[in-house]
Amino acid sequence: MVSLKSIKLDSINNAKRIVLKVGSALIVNPKTGKINASWVQSLVKDILFLLNKDKEILIVSSGAIALGKSELNLQNKSLKLSEKQATAATGQILLAKAWKSIFEEVNIKCGQILVGHSDLETRRNAMNTRATMNTLLKLNVIPIINENDTVATLEIRYGDNDQLAARISQLVEADVLILLSDIDGLYSEDPKNSPEAKFIKEINNITSEIENMAKNTQSDIASGGMITKIKAAKIATTAGCDVIIAHGKNKNSLLKLISGGKHSIFKANMSPYNAKKKWILSKRNKLKFVKIDRGAENALISGKSLLAAGIESSSNSFNRGEIVDILSKTDKLLGCGIIAYDSEEINIIAGKKSTEIKEALGYKGRDEAIHRNDMVIN
Ligand code: GLU
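Since we're looking at a predicted model, the values are computed, not measured.

A. Inspection of the site of the ligand at higher detail. Neighbouring the ligand are 11 residues, the closest being A64, I65, N146, D149 and N161. A distance of 3.1 Å is found between an oxygen atom of the ligand and a backbone nitrogen or oxygen belonging to G63. The separation between an oxygen atom of the ligand and a polar main-chain atom of A64 is 3.0 Å. For the ligand, whose accessible area on its own is 300 Å², the fraction buried by protein is 97%. Of the residues contributing to the shell around the ligand, the split by class is 2 nonpolar, 7 polar and 2 charged.

B. Up close: the sheet that holds strand β13 (residues 311–314). Taken together, the 5 strands give an open sheet; going across it, the order is β13-β11-β14-β15-β17, and neighbouring strands pair in mixed fashion. Of all strands in the sheet, those with a lone pairing partner are β13 and β17 (375–377), marking the two edges. Within the sheet, the average angular offset between the axes of one strand and its neighbour, ignoring direction, is 25°. Sheet topology places strand β11 (residues 289–292) next to strand β14 (residues 323–327); 3 bridges connect them, and they run parallel. Paired with F289 across the bridge in β14 is D325. Sitting on the sheet, helix α12 (residues 272–282) is in contact with β14, β15 (333–338) and β17, with an inclination near 105° to β15.

Procedures and definitions
Along each chain, residues carry numbers from 1 onward, in the same order as the chain's sequence is written. It should be noted that, the model being predicted, local features are given only for residues of pLDDT at least 70 and side-chain atom pairs only at 80 or more, the latter also being counted only at that level, while totals for whole chains, interfaces and linings use all residues. The side-chain figures draw on all heavy atoms in the structure; neither hydrogens nor water molecules are used. We call a residue near a molecule or strand as soon as one heavy atom of that residue lies within 4 Å of the molecule or strand. Within 3.5 Å is the distance limit for a polar contact, defined as a pair of N or O atoms, with the added protein rule that one can donate a hydrogen and the other accept it, and that residues adjacent in sequence qualify only through two side-chain atoms. Note that accessible areas follow from Shrake-Rupley with a 1.4 Å probe, and for residues the cover is restricted to the protein chains shown. Only Asp, Glu, Lys and Arg are considered charged in this grouping, and only Ala, Val, Leu, Ile, Met, Phe, Trp, Tyr, Cys and Pro are considered nonpolar; every other residue, Gly among them, is considered polar. Strand pairing requires that DSSP identify at least two bridges connecting the strands. Numbering of helices and strands runs from the N terminus, with a helix taken as a DSSP run of H or I at least four residues long and a strand as a DSSP run of E at least two residues long. Here the axes come from fitting lines to C-alpha atoms, over the contacting stretch only for helices, and the angles between their N-to-C directions go from 0 to 180 degrees. The contact rule is simple, with two residues in contact once any of their heavy atoms fall within 4.5 Å.

Take a look at the structure:
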């Protein structure tokens, strides 16, 4: 048992928001194909430690297919896609039930989020997914996320939760992504086959040399090997999120990690906030814009969000989730940001108070047309 008062790992100590990815090889006992309940209990205790240190935690949990396989006695069969989806449907219930009952023991609520590729890769849907996860965190609920394997088609799916977790980290602007798996980090070669393999502790730049080190060290029941972890590290570090790979098989592995245990870390070279700003600026298109009044201009200067009430007019060409320029009455470029409405909707609600949006559109949209956190001001 590790006893710990403070977090020894800077990356985790400085983080506000942490995504924790738990592989199937840990959560499911490979021999029985059942939930490894005592291991999950120990993980939940470790998570509690982080929650008490004021960290926000999101969990990306694998295990649906592995659990479903044993439930349906299909362990030794190679499965067709439809059978895999049936096992995922069966196993996901067991997985959610296990998380729920174990978190309940420590009085913590959790919520299940199943996402498909289009929920994260289509800007409009991604904004909704992000809003739901942010709301769960605000309500002190731990989001437990998995790919919606029951409906994902072969061509359009992540297939591995390493990359899914990286996309989630990017979406919620996490500071750190921890990949807990049956591998303790990155080696120059596969340590199982080569005694010469050197452990790589810190990676500041994912070069082709680093990528070549990622031999496919596939475990028996998980989908991800080192290749998917490197891909995940590329996605997350570009979004300003550090990525840690650590061995998680033993109990209290998370606590061991945060007390300075063995791990590899891929360091992001900017904060999630700056990475997002850079991304917003890279997506600018001057044909997509909103024009705002003086009052809204002053509000933006003083650090507020842009409300529909302050919009005077807009171009006719954008969808919710796209980047639009914010122009003053006199066409001065004030900044740009992610718009929460389609241009047709903006045409209807421009100049209206937030309380009038529901009546104008027939549904209650977001209060902010461009939220402060989604904006870059010149
Ligand atoms: N979504 C899959 C499952 O829950 C796991 C994918 C992975 O292991 O990376 O079984």
